[in-house]
Amino acid sequence: MISIFQPSQTRPLITTETVDYTTHQRLIHPIRTAVFVDEQNIPAEFELDQDDPVSQHVLAFCKGEAIGTGRLTRAGKIGRVAVLRPFRRQGVGLCVMHRLITLAKREHHSEVVLSAQHHAIPFYEKLGFETEGSLFVEAGIAHVKMRKKLRRTPPAETPRTDRRRHFNWQEA
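Parameters at a glance
- Residues numbered from 1 in each chain as written.
- Predicted model: local features only at pLDDT ≥ 70, side-chain atom pairs only at ≥ 80, totals over all residues.
- Heavy atoms only, no water.
- Phe/Tyr/Trp six-rings, centres within 6.5 Å; stacked < 30°, edge-to-face > 60°.
- Buried < 20%, exposed > 50% of the residue type's maximum accessible area, 1.4 Å probe, protein only.
- Helix = DSSP H or I, 4+ residues; strand = E, 2+ residues; numbered from the N terminus.
- Expected span 1.5 Å × (residues − 1).
- Salt bridge = Lys/Arg side-chain N within 4 Å of Asp/Glu carboxyl O.
- Pairing = 2+ DSSP bridges.
- Axes fitted to C-alpha atoms, helices over the stretch in contact; angles between N-to-C directions.
- Contact = heavy atoms within 4.5 Å.

Caption draft 1: Representation of the packing of aromatic side chains within the structure. Taken as a whole and assessed by the stated rule, the structure comprises two aromatic pairs. Taking 5.0 Å as the distance between ring centres and 70° as the angle between the ring planes, the aromatic pair formed by Phe123 and Tyr124 counts as edge-to-face. According to the relative accessible area criterion, Phe123 is partly exposed, its value standing at 30%. Ring plane angle 75° and centroid distance 5.9 Å describe the contact between Tyr124 and Phe129, whose orientation is recorded as edge-to-face. Both residues of the pair, Tyr124 and Phe129, belong to the buried class. Pairwise contacts between aromatic rings join Phe123, Tyr124 and Phe129 into one cluster.

Caption draft 2: Highlighting helix α3 (residues 92–106). The end-to-end C-alpha separation of α3 is 21 Å, in line with the 21 Å expected for 15 residues at 1.5 Å each. Restricting attention to buried positions, one finds in α3 the residues Val92, Gly93, Cys95, Val96, Met97, Arg99, Leu100, Ile101, Leu103 and Ala104. Downstream of α3 by one or two residues, His108 has phi in the positive range, about 65°.

Caption draft 3: Region of interest: the pattern of salt bridges. Under the defined criterion, the tally for this structure stands at twelve salt bridges. Residue Lys145 pairs with Glu132 through a salt bridge whose shortest N-O separation is 3.7 Å. On the criterion of sequence distance, the pair formed by Lys145 in strand β8 (residues 141–149) and Glu132 in strand β7 (residues 130–138) is long-range, its members being 13 residues apart. Owing to a relative accessible area of 34%, Lys145 belongs among the partly exposed residues under this scheme. Several salt bridges converge on common partners, so that one network encompasses Arg32, Glu47, Asp49, Asp51, Asp52, Arg71 and Arg80.

Caption draft 4: Molecular detail of the sheet that holds strand β6 (residues 111–117). Across the sheet, three strands lie side by side as β6-β8-β7; this open sheet has antiparallel pairing. Only two strands of the sheet have a single partner each, and these edge strands are β6 and β7. For this sheet, the mean angle separating the axes of adjacent strands, direction not counted, is 25°. Relative to β8, β6 runs antiparallel, the two sharing seven bridges. For Val112, the partnering residue across the bridge sits in β8 and is Lys148.

Caption draft 5: Representation of the environment of Ser110 within the structure. With respect to the helices and strands, Ser110 occurs in the loop between α3 and β6. Judged by relative accessible area, Ser110 falls into the exposed class, the value being 53%. Taking C-alpha positions, Ser110 is 7.0 Å from Arg151, a pair spaced 41 residues apart along the chain. Excluding residues that lie within four positions of it along the chain, Ser110 makes contacts with Lys148, Lys149 and Leu150.

Pasting the structure below:
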C-alpha cells in the first residue's frame, strides 16, 4: 500500500493500492453499486462488464475501509471511477486518478481516454484531460469523451550497491 494524501490533522490518511480484480471484487463492487446504481440509478446490469477481469483496478482506503475505486482497461481507457459519498471532495478521486495515470504510463500507453459525466468535466480538466467531441448520453447520463496525452515515466531506478560511483556533495 502506498500513502498518497494526508491533507490535515482533521482528515485521515488516504492510501491507494493496485489490486487484483478476482481477489478484491468484493470491495470494488459495493462502491460502484452505491455510486452508480443506488445514487445515479444506472441499471445494475451496466455496472459489470467483460473488461473488469482483464483491467487493472485501484482501490482507495481510509482507516482500512475501501472508499474509492477506478480501473484502467488494456486499451488505455479509465473508467468506473467512484468514491463513496462521505469521502468526496477530500482528494480521494484525485488519488485514484493519479494512480491510474501512473499505471497507464508504466504500461506504455501514449494517452488515456475516459467518458466523463458532464458534472465531472472540471475535475478531469484539472488533471490535464481535454474534451473531445460533443456530449452523448450513456446509461441516461450526459457524458463527453476526454483524452490526456501521457509522457512516459522511466522505470523505477534500482538502488546501487556500489557506493564508489555516487558523488556525495556534502563531502566535496
